[in-house]
Amino acid sequence: MSALPERNLPPGRHSVLKNHLLQEIQLHEVRRDQAHSPRAATSAPGRWLRPGLMAMATAAVVALALAVVGVTDGQPASAQAAELLQNIASAAEQQDVPADIRDDQYVYIRSTVAATVHEGNGPGVLAPVHRREVWFSVDGSRPGLLKENTPGNRHQPLGIEVPGNSSNTNYRHLQTLPTAPDAMLRWLRKTAGGGTSNNQKTFVLVGDLAGESLMPPAVSAALFRAAAMIPGVELTPNTTDALGRRGVAVTRTDDGIREELIFDVRTHAYLGEREVAVKTTKDFTEGQTVSITAIQQRTVVDSPGQRPS
(Lines give C-alpha, C1' and ligand atoms only; values in the text may rest on other atoms or scores of the structure.)
Protein backbone atom coordinates (compact mmCIF):
# COMPACT_ATOMS: atom_id res chain seq x y z
CA MET A 1 0.00 0.00 0.00
CA SER A 2 1.72 3.28 -0.14
CA ALA A 3 4.88 3.45 -0.79
CA LEU A 4 5.64 4.46 -1.54
CA PRO A 5 7.23 8.56 -0.96
CA GLU A 6 10.82 8.32 0.18
CA ARG A 7 11.19 8.57 3.93
CA ASN A 8 10.78 12.29 4.16
CA LEU A 9 7.05 12.89 4.03
CA PRO A 10 5.42 13.86 7.32
CA PRO A 11 3.28 11.26 9.09
CA GLY A 12 -0.14 10.87 7.50
CA ARG A 13 1.09 10.76 3.92
CA HIS A 14 -1.79 8.47 3.04
CA SER A 15 -4.70 10.74 3.91
CA VAL A 16 -6.24 9.17 0.83
CA LEU A 17 -4.70 7.22 -2.01
CA LYS A 18 -4.84 10.51 -3.89
CA ASN A 19 -1.57 11.34 -2.19
CA HIS A 20 0.04 8.38 -3.96
CA LEU A 21 -1.23 9.60 -7.29
CA LEU A 22 0.10 13.10 -6.79
CA GLN A 23 3.47 12.26 -5.24
CA GLU A 24 5.17 9.83 -7.61
CA ILE A 25 7.39 10.68 -10.58
CA GLN A 26 7.10 9.23 -14.06
CA LEU A 27 9.90 6.72 -14.16
CA HIS A 28 10.39 6.80 -17.92
CA GLU A 29 11.13 10.54 -18.19
CA VAL A 30 14.42 11.97 -17.05
CA ARG A 31 12.90 15.39 -16.60
CA ARG A 32 10.57 13.94 -14.00
CA ASP A 33 13.58 12.56 -12.15
CA GLN A 34 14.91 16.10 -11.94
CA ALA A 35 11.68 17.55 -10.58
CA HIS A 36 10.94 18.03 -6.89
CA SER A 37 9.91 14.81 -5.16
CA PRO A 38 7.98 14.78 -1.88
CA ARG A 39 10.30 11.90 -0.99
CA ALA A 40 13.33 14.14 -1.45
CA ALA A 41 16.01 14.69 1.16
CA THR A 42 14.60 16.99 3.80
CA SER A 43 14.56 16.86 7.55
CA ALA A 44 10.79 16.48 7.79
CA PRO A 45 9.73 13.83 10.31
CA GLY A 46 8.53 10.46 9.11
CA ARG A 47 10.41 8.65 6.32
CA TRP A 48 8.06 6.76 4.08
CA LEU A 49 9.59 4.90 1.20
CA ARG A 50 7.53 2.57 -0.83
CA PRO A 51 7.23 3.01 -4.61
CA GLY A 52 3.54 3.59 -5.22
CA LEU A 53 1.22 5.17 -7.77
CA MET A 54 2.50 7.58 -10.41
CA ALA A 55 2.04 11.33 -10.38
CA MET A 56 -0.77 12.80 -12.47
CA ALA A 57 -1.03 16.57 -12.43
CA THR A 58 -4.60 17.07 -13.53
CA ALA A 59 -7.82 17.90 -11.75
CA ALA A 60 -9.32 14.70 -13.13
CA VAL A 61 -6.78 12.68 -11.18
CA VAL A 62 -7.75 14.38 -7.96
CA ALA A 63 -11.37 13.62 -8.66
CA LEU A 64 -10.49 9.96 -9.24
CA ALA A 65 -8.52 9.71 -6.04
CA LEU A 66 -11.33 11.21 -4.01
CA ALA A 67 -13.89 8.80 -5.43
CA VAL A 68 -14.14 6.11 -2.79
CA VAL A 69 -14.90 2.62 -4.10
CA GLY A 70 -14.63 -0.57 -2.15
CA VAL A 71 -13.96 1.08 1.20
CA THR A 72 -13.86 -1.56 3.91
CA ASP A 73 -13.60 0.57 7.06
CA GLY A 74 -15.72 -0.89 9.82
CA GLN A 75 -15.73 -4.51 8.65
CA PRO A 76 -13.70 -6.89 10.80
CA ALA A 77 -10.55 -8.50 9.49
CA SER A 78 -11.32 -11.89 8.00
CA ALA A 79 -10.53 -14.96 10.08
CA GLN A 80 -8.26 -16.27 7.32
CA ALA A 81 -6.23 -13.04 7.17
CA ALA A 82 -5.96 -12.87 10.95
CA GLU A 83 -4.72 -16.46 11.13
CA LEU A 84 -2.15 -15.85 8.39
CA LEU A 85 -0.88 -12.71 10.13
CA GLN A 86 -0.46 -14.64 13.36
CA ASN A 87 1.68 -17.19 11.49
CA ILE A 88 3.65 -14.36 9.85
CA ALA A 89 4.24 -12.81 13.26
CA SER A 90 5.52 -16.10 14.66
CA ALA A 91 7.96 -16.38 11.74
CA ALA A 92 9.08 -12.77 12.24
CA GLU A 93 10.02 -13.54 15.84
CA GLN A 94 12.57 -16.04 14.52
CA GLN A 95 14.15 -13.77 11.90
CA ASP A 96 17.84 -12.91 12.01
CA VAL A 97 19.08 -9.36 12.55
CA PRO A 98 22.78 -8.51 12.09
CA ALA A 99 24.59 -8.55 15.42
CA ASP A 100 26.42 -5.59 16.97
CA ILE A 101 24.82 -2.93 14.78
CA ARG A 102 26.56 0.44 15.26
CA ASP A 103 24.91 3.86 15.18
CA ASP A 104 27.26 5.01 12.40
CA GLN A 105 26.19 2.19 10.07
CA TYR A 106 23.41 2.05 7.46
CA VAL A 107 20.47 -0.24 6.77
CA TYR A 108 20.73 -1.36 3.14
CA ILE A 109 17.67 -2.60 1.23
CA ARG A 110 17.66 -3.69 -2.41
CA SER A 111 14.43 -4.26 -4.29
CA THR A 112 12.91 -4.57 -7.74
CA VAL A 113 10.03 -2.18 -8.41
CA ALA A 114 7.70 -0.88 -11.09
CA ALA A 115 4.87 1.64 -11.18
CA THR A 116 2.27 2.86 -13.64
CA VAL A 117 3.18 5.48 -16.23
CA HIS A 118 0.46 7.69 -17.67
CA GLU A 119 0.72 9.17 -21.16
CA GLY A 120 -2.10 11.19 -22.62
CA ASN A 121 -5.64 10.61 -21.44
CA GLY A 122 -5.84 6.83 -21.57
CA PRO A 123 -5.26 4.25 -18.84
CA GLY A 124 -1.71 4.01 -17.58
CA VAL A 125 0.76 1.26 -18.41
CA LEU A 126 3.00 -0.50 -15.91
CA ALA A 127 6.59 0.56 -16.60
CA PRO A 128 9.36 -2.06 -16.80
CA VAL A 129 10.72 -3.22 -13.46
CA HIS A 130 13.96 -1.65 -12.29
CA ARG A 131 16.40 -1.90 -9.38
CA ARG A 132 15.97 0.29 -6.31
CA GLU A 133 18.49 0.61 -3.46
CA VAL A 134 18.23 2.61 -0.26
CA TRP A 135 20.65 3.28 2.58
CA PHE A 136 19.22 4.55 5.90
CA SER A 137 21.21 5.75 8.87
CA VAL A 138 20.90 3.27 11.75
CA ASP A 139 20.19 6.05 14.26
CA GLY A 140 18.67 8.53 11.80
CA SER A 141 21.35 11.15 12.42
CA ARG A 142 23.17 10.90 9.07
CA PRO A 143 21.97 11.49 5.50
CA GLY A 144 20.97 8.38 3.61
CA LEU A 145 20.90 7.61 -0.10
CA LEU A 146 18.46 6.42 -2.74
CA LYS A 147 19.54 4.92 -6.07
CA GLU A 148 17.09 3.85 -8.75
CA ASN A 149 18.09 2.28 -12.03
CA THR A 150 15.75 4.45 -14.09
CA PRO A 151 16.48 6.62 -17.14
CA GLY A 152 18.99 9.11 -15.84
CA ASN A 153 19.99 6.77 -12.99
CA ARG A 154 18.28 8.57 -10.15
CA HIS A 155 20.64 9.19 -7.21
CA GLN A 156 19.13 11.17 -4.37
CA PRO A 157 20.28 11.98 -0.83
CA LEU A 158 17.84 11.18 1.97
CA GLY A 159 17.56 13.52 4.92
CA ILE A 160 18.15 12.95 8.60
CA GLU A 161 15.39 12.45 11.13
CA VAL A 162 14.48 14.90 13.86
CA PRO A 163 15.71 13.43 17.17
CA GLY A 164 12.97 12.47 19.58
CA ASN A 165 10.19 12.37 16.98
CA SER A 166 7.80 9.54 17.83
CA SER A 167 7.25 8.73 14.16
CA ASN A 168 10.92 8.13 13.35
CA THR A 169 11.60 4.81 11.63
CA ASN A 170 15.35 4.45 12.02
CA TYR A 171 16.48 1.16 13.52
CA ARG A 172 17.32 2.64 16.93
CA HIS A 173 13.87 4.15 17.27
CA LEU A 174 12.17 1.00 16.04
CA GLN A 175 13.95 -0.84 18.88
CA THR A 176 11.93 1.27 21.33
CA LEU A 177 8.49 0.51 19.85
CA PRO A 178 5.94 -1.61 21.71
CA THR A 179 5.94 -5.38 21.37
CA ALA A 180 2.32 -5.68 22.51
CA PRO A 181 -0.04 -5.71 19.49
CA ASP A 182 -2.60 -3.27 20.91
CA ALA A 183 0.10 -0.75 21.83
CA MET A 184 1.70 -1.19 18.41
CA LEU A 185 -1.67 -0.53 16.75
CA ARG A 186 -2.01 2.72 18.70
CA TRP A 187 1.45 3.80 17.52
CA LEU A 188 0.64 2.91 13.92
CA ARG A 189 -2.60 4.89 13.96
CA LYS A 190 -0.95 7.92 15.53
CA THR A 191 1.98 7.80 13.12
CA ALA A 192 -0.17 7.25 10.03
CA GLY A 193 -2.16 10.32 11.02
CA GLY A 194 -5.54 8.81 10.34
CA GLY A 195 -6.96 8.27 13.82
CA THR A 196 -8.99 5.17 14.54
CA SER A 197 -11.36 5.69 11.61
CA ASN A 198 -8.86 5.63 8.75
CA ASN A 199 -7.79 2.04 8.70
CA GLN A 200 -6.33 2.17 5.19
CA LYS A 201 -3.56 4.58 6.15
CA THR A 202 -2.67 2.32 9.06
CA PHE A 203 -2.54 -0.73 6.79
CA VAL A 204 -0.37 1.10 4.25
CA LEU A 205 2.04 2.06 7.01
CA VAL A 206 2.35 -1.62 7.96
CA GLY A 207 3.42 -2.29 4.38
CA ASP A 208 5.88 0.61 4.39
CA LEU A 209 7.60 -0.70 7.50
CA ALA A 210 7.58 -4.30 6.33
CA GLY A 211 9.09 -3.27 3.01
CA GLU A 212 11.80 -0.72 3.63
CA SER A 213 12.96 -0.76 7.21
CA LEU A 214 14.90 -3.08 9.50
CA MET A 215 12.81 -4.06 12.51
CA PRO A 216 13.84 -5.98 15.63
CA PRO A 217 12.15 -9.40 15.60
CA ALA A 218 9.82 -8.76 18.55
CA VAL A 219 8.73 -5.42 17.10
CA SER A 220 8.20 -6.95 13.67
CA ALA A 221 6.01 -9.64 15.22
CA ALA A 222 3.95 -6.99 17.00
CA LEU A 223 3.55 -5.13 13.70
CA PHE A 224 1.89 -8.11 12.03
CA ARG A 225 -0.23 -8.98 15.06
CA ALA A 226 -1.43 -5.36 15.08
CA ALA A 227 -2.26 -5.65 11.36
CA ALA A 228 -4.57 -8.54 12.23
CA MET A 229 -6.59 -6.05 14.31
CA ILE A 230 -7.21 -3.62 11.44
CA PRO A 231 -10.79 -3.84 10.13
CA GLY A 232 -11.24 -4.76 6.50
CA VAL A 233 -8.07 -6.82 6.10
CA GLU A 234 -8.59 -9.87 3.91
CA LEU A 235 -6.61 -12.76 2.43
CA THR A 236 -5.69 -13.19 -1.25
CA PRO A 237 -4.43 -16.77 -1.65
CA ASN A 238 -2.46 -16.47 -4.89
CA THR A 239 -0.48 -13.45 -6.08
CA THR A 240 3.03 -12.57 -7.31
CA ASP A 241 5.65 -9.95 -6.52
CA ALA A 242 7.80 -7.95 -8.96
CA LEU A 243 10.14 -10.93 -9.47
CA GLY A 244 7.29 -13.30 -10.24
CA ARG A 245 7.64 -15.08 -6.90
CA ARG A 246 4.31 -16.57 -5.92
CA GLY A 247 2.92 -15.91 -2.50
CA VAL A 248 -0.12 -15.36 -0.34
CA ALA A 249 -1.20 -11.83 0.52
CA VAL A 250 -3.01 -9.94 3.23
CA THR A 251 -4.94 -7.18 1.51
CA ARG A 252 -7.11 -4.15 2.06
CA THR A 253 -9.19 -2.24 -0.49
CA ASP A 254 -9.89 1.49 -0.45
CA ASP A 255 -10.32 4.28 -3.02
CA GLY A 256 -10.46 1.78 -5.85
CA ILE A 257 -7.08 0.22 -5.06
CA ARG A 258 -6.35 -3.11 -3.38
CA GLU A 259 -3.13 -3.10 -1.35
CA GLU A 260 -1.47 -6.53 -1.23
CA LEU A 261 1.29 -7.39 1.24
CA ILE A 262 2.82 -10.59 -0.15
CA PHE A 263 4.44 -13.39 1.88
CA ASP A 264 6.06 -16.69 1.09
CA VAL A 265 3.51 -19.47 1.52
CA ARG A 266 5.94 -21.83 3.27
CA THR A 267 8.26 -19.59 5.31
CA HIS A 268 5.89 -16.60 5.75
CA ALA A 269 8.81 -14.28 4.91
CA TYR A 270 7.86 -10.90 3.45
CA LEU A 271 8.31 -10.86 -0.34
CA GLY A 272 6.94 -7.51 -1.50
CA GLU A 273 3.70 -5.80 -2.33
CA ARG A 274 1.36 -4.95 -5.15
CA GLU A 275 -1.37 -2.40 -5.79
CA VAL A 276 -4.23 -3.50 -8.03
CA ALA A 277 -7.10 -1.46 -9.47
CA VAL A 278 -10.44 -2.98 -8.50
CA LYS A 279 -12.55 -0.85 -10.83
CA THR A 280 -12.16 0.39 -14.38
CA THR A 281 -11.73 4.16 -14.63
CA LYS A 282 -10.21 6.54 -17.16
CA ASP A 283 -6.83 5.98 -15.53
CA PHE A 284 -6.88 2.30 -14.62
CA THR A 285 -8.46 -0.89 -15.90
CA GLU A 286 -10.04 -3.31 -13.46
CA GLY A 287 -7.45 -5.92 -12.49
CA GLN A 288 -4.53 -3.75 -13.62
CA THR A 289 -1.35 -3.82 -11.52
CA VAL A 290 -0.75 -0.21 -10.51
CA SER A 291 2.57 -0.76 -8.74
CA ILE A 292 4.62 -3.75 -7.64
CA THR A 293 7.74 -4.44 -5.58
CA ALA A 294 9.96 -7.32 -4.50
CA ILE A 295 12.44 -7.10 -1.64
CA GLN A 296 15.68 -8.93 -2.47
CA GLN A 297 18.18 -8.02 0.22
CA ARG A 298 18.09 -6.39 3.64
CA THR A 299 21.24 -5.98 5.74
CA VAL A 300 23.60 -3.48 7.40
CA VAL A 301 26.64 -1.83 5.77
CA ASP A 302 29.20 0.75 6.85
CA SER A 303 28.49 3.64 4.47
CA PRO A 304 25.87 4.97 2.04
CA GLY A 305 26.52 3.61 -1.45
CA GLN A 306 28.27 0.50 -0.12
CA ARG A 307 26.82 -2.81 -1.25
CA PRO A 308 27.16 -6.08 0.67
CA SER A 309 29.90 -8.36 -0.63
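Numbering of residues begins from 1 in every chain and follows the order in which that chain's sequence is written. Restriction of local features to residues with pLDDT of at least 70 applies here, the model being predicted, together with a cutoff of 80 or more for giving and counting side-chain atom pairs; totals for whole chains, interfaces and linings are based on all residues. Heavy atoms from the whole structure form the basis of all side-chain values; hydrogens and water molecules are not counted.

Caption draft 1: Just the nonpolar core, in detail. Working definition of a nonpolar core: buried Ala, Val, Leu, Ile, Met, Phe, Trp, Tyr and Cys residues. They are joined through side-chain atoms within 4.5 Å. Three labels apply to residues, based on accessible area from a 1.4 Å probe with only protein chains included: buried if under 20% of the type maximum, exposed if over 50%, partly exposed otherwise in between. Ranked by size, the top nonpolar core spans 46 residues in total, and within it Leu 85, Met 184, Leu 188, Leu 209, Phe 224 and Val 250 carry the most contacts. When checking whether two residues touch, look at their non-hydrogen atoms; a contact exists if any pair is within 4.5 Å. Here Phe 224 is in contact with Leu 85, Ile 88, Ala 89, Ala 92, Ala 210 and Phe 263, once residues within four sequence places are set aside. Counting residues in hydrophobic clusters, the runner-up holds five residues, among them Tyr 106, Trp 135, Leu 145 and Val 301.

Caption draft 2: Summary view of the confidence of the model for the protein. Residues with a pLDDT of 70 or more make up 74% of the protein, whose mean pLDDT is 80. Known as pLDDT, the predictor's confidence for each residue is given on a scale from 0 to 100. Considering only residues more than four positions removed or in separate chains, one finds that residues 1–72, a stretch of pLDDT under 50, has 257 contacts.

Caption draft 3: Representation of the packing of helix 7 (residues 199–211) against helix 8 (residues 217–227). Where helix 7 meets helix 8, the axes come as close as 10 Å, and the angle between the chain directions of the two elements is 155°. Comparing their axes, helix 8 and helix 7 come out roughly antiparallel. For helix 7 against helix 8, the interelement crossing comes out left-handed. Listed contacts from helix 8 to Val 206, Leu 209 and Ala 210 of helix 7 are Leu 223, Phe 224 and Ala 227. Three classes are used: nonpolar for Ala, Val, Leu, Ile, Met, Phe, Trp, Tyr, Cys and Pro, charged for Asp, Glu, Lys and Arg, and polar for all others, with Gly counted as polar. Looking at the contact of helix 7 with helix 8 residue by residue, the class counts come to six nonpolar, no polar and no charged. Axis lines are fitted to C-alpha atoms, over the contacting stretch for helices. Their N-to-C directions set the angle, which ranges from 0 to 180 degrees. Secondary structure counts use DSSP, requiring at least four H or I residues in a row for a helix and at least two E residues in a row for a strand, with both numbered from the N terminus. We call two directions roughly parallel when the angle between them is under 35 degrees, roughly antiparallel when it is over 145, roughly perpendicular when it lies between 65 and 115, and oblique otherwise. Here is the rule for handedness: rotate from the far helix to the near one, and if that takes an anticlockwise turn smaller than a right angle the crossing is left-handed, while a clockwise turn gives right-handed.

Caption draft 4: Quick look at the packing of aromatic side chains. For Phe, Tyr and Trp, rings pair up if their centres lie within 6.5 Å, where Trp contributes its six-membered ring, and each pair is then called stacked (planes under 30 degrees apart), edge-to-face (over 60) or tilted (otherwise). Under the definition given, this model contains three aromatic pairs. Consider the rings of Tyr 108 and Trp 135, whose centres lie 5.2 Å apart with planes at 50°: the pair is tilted. In this pair, Tyr 108 sits in strand 1 (residues 106–117) while Trp 135 sits in strand 3 (residues 130–137), placing the two residues 27 residues apart along the sequence. Residue Tyr 108 shares its accessibility class with Trp 135, and that shared class is buried. Seen in terms of ring centroids, Phe 224 and Phe 263 are 5.5 Å apart; in terms of plane orientation they differ by 85°. Their pairing is edge-to-face.

Caption draft 5: Expanded view of the packing of helix 4 (residues 79–92) against helix 8. Running from N to C, helix 4 and helix 8 cross one another at 175°; their axes reach a closest spacing of 8 Å. Considering their axes alone, helix 4 and helix 8 lie roughly antiparallel with respect to each other. Contact residues: helix 4 offers Leu 85, Gln 86, Ile 88, Ala 89, Ser 90 and Ala 92, while helix 8 offers Pro 217, Ser 220, Ala 221, Phe 224, Arg 225 and Ala 227. Among the residues making up the contact of helix 4 with helix 8, the classes are represented as eight nonpolar, three polar and one charged.

Caption draft 6: The arrangement of the pairing of strand 7 (residues 246–254) in detail. Taken across its nine residues, strand 7 has eight buried, putting it largely inside the fold. Sheet analysis places strand 6 (residues 234–240) next to strand 7, joined by five bridges and oriented antiparallel. Paired with Glu 234 across the bridge in strand 7 is Thr 251. When DSSP locates at least two bridges between a pair of strands, those strands are taken to pair. In textbook terms, the turn of a hairpin is the stretch between consecutive antiparallel strands, and for strand 6 and strand 7 this stretch comprises five residues, one of which, Gly 244, has a positive phi near 80°. The pairing of strand 7 with strand 8 (residues 257–263) spans seven bridges and is classified as antiparallel. Residue pairing in the sheet places Asp 254 in a bridge with Ile 257 of strand 8.

Caption draft 7: The arrangement of helix 7 in detail. Each helix should span, by expectation, one fewer than its residue count multiplied by 1.5 Å. In a regular helix each residue adds 1.5 Å, so 13 residues correspond to 18 Å; helix 7 covers 19 Å between its end C-alpha atoms and thus fits that length. With 13 of its 13 residues buried, helix 7 lies for the most part within the structure. In this structure Asn 198 caps helix 7, since a side-chain oxygen of it lies 3.4 Å from the backbone nitrogen of Gln 200. In the analysis that follows, any N or O atom pair within 3.5 Å is treated as a polar contact, provided that within protein one partner can donate a hydrogen and the other can accept it, and provided that, for residues neighboring in sequence, both atoms belong to side chains.

Caption draft 8: Looking closely at the environment of Gln 296. Position of Gln 296 among the secondary structure elements: in strand 10 (residues 289–301). On the basis of relative accessible area, Gln 296 is assigned to the partly exposed category, the value being 32%. Between the alpha carbons of Gln 296 and Ile 109 there is a distance of 7.6 Å; along the sequence they are 187 residues apart. With sequence-adjacent residues up to four places away left out, Gln 296 is seen in contact with Arg 110, Ser 111, Thr 112 and Leu 243. Of the polar contacts made by the side chain of Gln 296, one reaches the side chain of Thr 112; its length is 2.6 Å.

Caption draft 9: View of the environment of Gly 247. Within the secondary structure, Gly 247 sits in strand 7. When residues no more than four places from it in sequence are discounted, the contact partners of Gly 247 are Pro 237, Asn 238, Thr 239, Ile 262, Phe 263, Val 265 and Leu 271.

Caption draft 10: Expanded view of the environment of Arg 274. One can find Arg 274 in strand 9 (residues 270–277). Here Arg 274 falls in the buried class, since its relative accessible area comes to 15%. Along the primary structure Arg 274 and Ala 115 are separated by 159 residues, whereas in three dimensions their C-alpha atoms are 9.6 Å apart. Excluding residues that lie within four positions of it along the chain, Arg 274 makes contacts with Thr 239, Thr 240, Arg 258, Glu 259, Glu 260, Ile 262, Thr 289, Ser 291 and Ile 292. Within the structure, Arg 274 has its side chain in polar contact with the side chain of Thr 239 (distance 3.3 Å).

Caption draft 11: Local environment of unusual backbone geometry. In this model, Asp 100 sits at a positive phi of 55°, which is unusual for a non-glycine residue. Counting through the fold element by element, Asp 100 comes out in the loop between helix 4 and strand 1. By relative accessible area, Asp 100 is classed as exposed at 72%. The phi angle at His 268 is positive, at roughly 65°, despite the residue not being glycine.

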